[in-house]
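Breakdown of the fold
Listed below are the residues making up each chain.
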Amino acid sequence: MINPLRGMKDLTFDESARFVHIVTTAIEIAKRYGYGYIETPILEETALFRRSVGESSDIVGKEMYQFEDKGGNDVCMRPEGTAGIVRAFVSAKLDRQPTKQKFYYYGPMFRYERPQKGRLREFHQFGCESFGEASVLEDFTIITMVGQIFDALGIDYDLKINSLGCSDCMPPYKQKLIGFLTEIKEELCADCNRRIDTNPIRVLDCKNAACQTLLVDSPKLISNLCDACDTDFKQLTALLDSAGISYEVDTNLVRGLDYYNKTAFEFVSNDIGSQSAIAGGGRYDKLVEYLDGKPTPGIGFALGIERIMELVQMPEREREGYYLGAMTPEAVEKLLLLANKKRLTDKVTVEYNSKGFKSHMKGVGKAHARYALLIGEDELENGTVWVKDLESKEEKRLPLAKV
Ligand code: HAM
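Numbering of residues begins from 1 in every chain and follows the order in which that chain's sequence is written. In view of the model being predicted, local features appear only for residues whose pLDDT reaches at least 70, and side-chain atom pairs are presented and counted only at 80 or more, with totals across whole chains, interfaces and linings using the full set of residues. Side-chain numbers come from the whole structure's heavy atoms, not from hydrogens or water.

Attention shifts here to the nonpolar core. The biggest cluster of nonpolar side chains holds 93 residues, and the ones touching the most others in it are Phe126, Phe301 and Leu303. What makes two residues a contact is simply this: any of their non-hydrogen atoms within 4.5 Å. Aside from chain neighbours lying at most four places away, what touches Leu303 is Ile22, His124, Gln125, Phe126, Ile149, Phe150, Ile278, Ala279 and Ile308. Buried residues of nine kinds, namely Ala, Val, Leu, Ile, Met, Phe, Trp, Tyr and Cys, make up a nonpolar core once their side-chain atoms join them within 4.5 Å. With a 1.4 Å probe rolled over the protein chains alone, any residue whose accessible area is under 20% of its type maximum counts as buried; one over 50% counts as exposed, and the rest are partly exposed. By size, the runner-up hydrophobic cluster in this structure holds 14 residues, among which are Val348, Ile375, Val385 and Val387.

Below you can see the structure in the form of structure tokens.
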């Protein structure tokens, strides 16, 4: 027997119903906010992720499904969605249009991580990317939208926010931080030591408790923002306060992808164990330029569908459509023709084998049908159908032609 690869899963039955419910709920809400669907390839040039997600990130440094294709191209399976969408945005020359563009997407992402509960090598994201709006009002709007998606799915969450500053305030802050980290270098773990040179702000979210104790007194970016970033961040928190959305300012929230600036945020759940981030996102005002487009601000988020599948409250399934069953073999064909007509507008389950009444009623239950339509010998003779409405429990015989 051949099984799926380690860290990859088949989605069947109850799980696939959860998947579809999450995606359809998210799509419905994203559409209300003016997002339209975009689909980009799963396989992209490796250079795309090197230049966007960043050489120093774990995703690019350690986790890519990267290989040479038969034509000798260096390609990789997308580890996330944003880079491909920005590439598509630039390829389609949308960066030269004055209108704002908003896209939603969902699909598989690939990261060669160590699998554990909530951490897969193939997982699925639903995400949104908004281009052309630099105002912090858009940051607020996107955060509100993610909150609304979780509310609609019946999921409790904590929201963490931070500002990663801009090209004016981040470089001097980085220098300050490097100075601080160099002094405590000996005591920090090997990963942190490597990051001091490659990406010092990532030291701040080291998972090692000993490192975190040493970092308590580290300089905080939030107190080193330039005036413009500081004003925006204050406006964002004020808006969240007025909307009654609770949040925590987490100065160590730096995100694992290098393209972010200004607002960064994560939604976490306390109900799914250590892999608790259920959505993450932020602003990426330089990314379109990095990928050779005209300067265009951008902001977006992605949510992890598998992690949300653990938490989602499924709505009660309503009875729907028709179950057609014959109690005599001669009636099967009649029901099949009836099904063809009914299927133009309704969900129909047809049982091809003629069976007894009880057995058919079990089938009605399995199909979760609203109406049972059965034809036995009597009905066949009279040209009628026995109909039961499973909700009102009403039963009657109707002429077949009328059904
Ligand atoms: P990310 O934080 O890397 O951001 O991923 C977003 C979400 O995907 C996470 O919060 C988590 O729920 C889920 N996720 C990530 N890795 C795994 C995994 N190995 N197994 C299961 N679920 C996982 C991004 O990918 C950015 N592209 C988000 C974004 C969009 N930022 C701006 N626009």
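Here the narrative resumes, following the displayed structure.
Attention shifts here to the site of the ligand. One heavy atom within 4 Å of a molecule or strand makes the whole residue count as near it. Close to the ligand lie 27 residues; Glu80, Glu113, Leu120, Tyr260 and Ala277 are nearest. Here a polar contact is taken to be a pair of N or O atoms separated by no more than 3.5 Å, where protein atoms must pair a possible hydrogen donor with a possible acceptor and residues adjacent in sequence count only if both atoms sit in side chains. At 2.9 Å from an oxygen atom of the ligand is found a side-chain nitrogen or oxygen belonging to Arg111. At 2.9 Å from a nitrogen atom of the ligand is found a side-chain nitrogen or oxygen belonging to Glu129. All accessibility values rest on the Shrake-Rupley procedure with a 1.4 Å probe; residue burial counts only the protein chains present in the view. Considered on its own, the ligand offers 660 Å² of accessible surface; in the complex 96% of this is hidden by protein. Secondary structure counts use DSSP, requiring at least four H or I residues in a row for a helix and at least two E residues in a row for a strand, with both numbered from the N terminus. Listing elements by their share of the shell around the ligand, those giving two or more residues are strand 6 (122–131), strand 10 (277–283) and strand 11 (298–304). In terms of residue count, strand 10 provides more of the shell around the ligand than any other element does, six residues in total.

Only protein atoms enter the 1 Å grid used here. Points where a 1.4 Å probe fits but cannot escape make up a cavity, open sets with protein on both sides within 12 Å along at least five of seven lines make up a pocket, and a residue lines them when an atom lies within 4 Å of a point. Grid points are joined across faces, edges and corners, and a volume is the space filled by probe spheres set on the points. Taken as a whole, the second largest pocket spans an internal volume of roughly 510 Å³. Around the second largest pocket sit 23 residues that line it, and Met170, Lys174, Asp258, Tyr260 and Tyr290 are the ones nearest its centre. Elements represented by at least two residues in the lining of the second largest pocket include exactly helix 2 (46–54) and helix 6 (170–183). Under the convention adopted here, Pro, Cys and the residues Ala, Val, Leu, Ile, Met, Phe, Trp and Tyr are nonpolar, Asp, Glu, Lys and Arg are charged, and Gly plus all remaining residues are polar. Among the residues making up the lining of the second largest pocket, the classes are represented as nine nonpolar, seven polar and seven charged.

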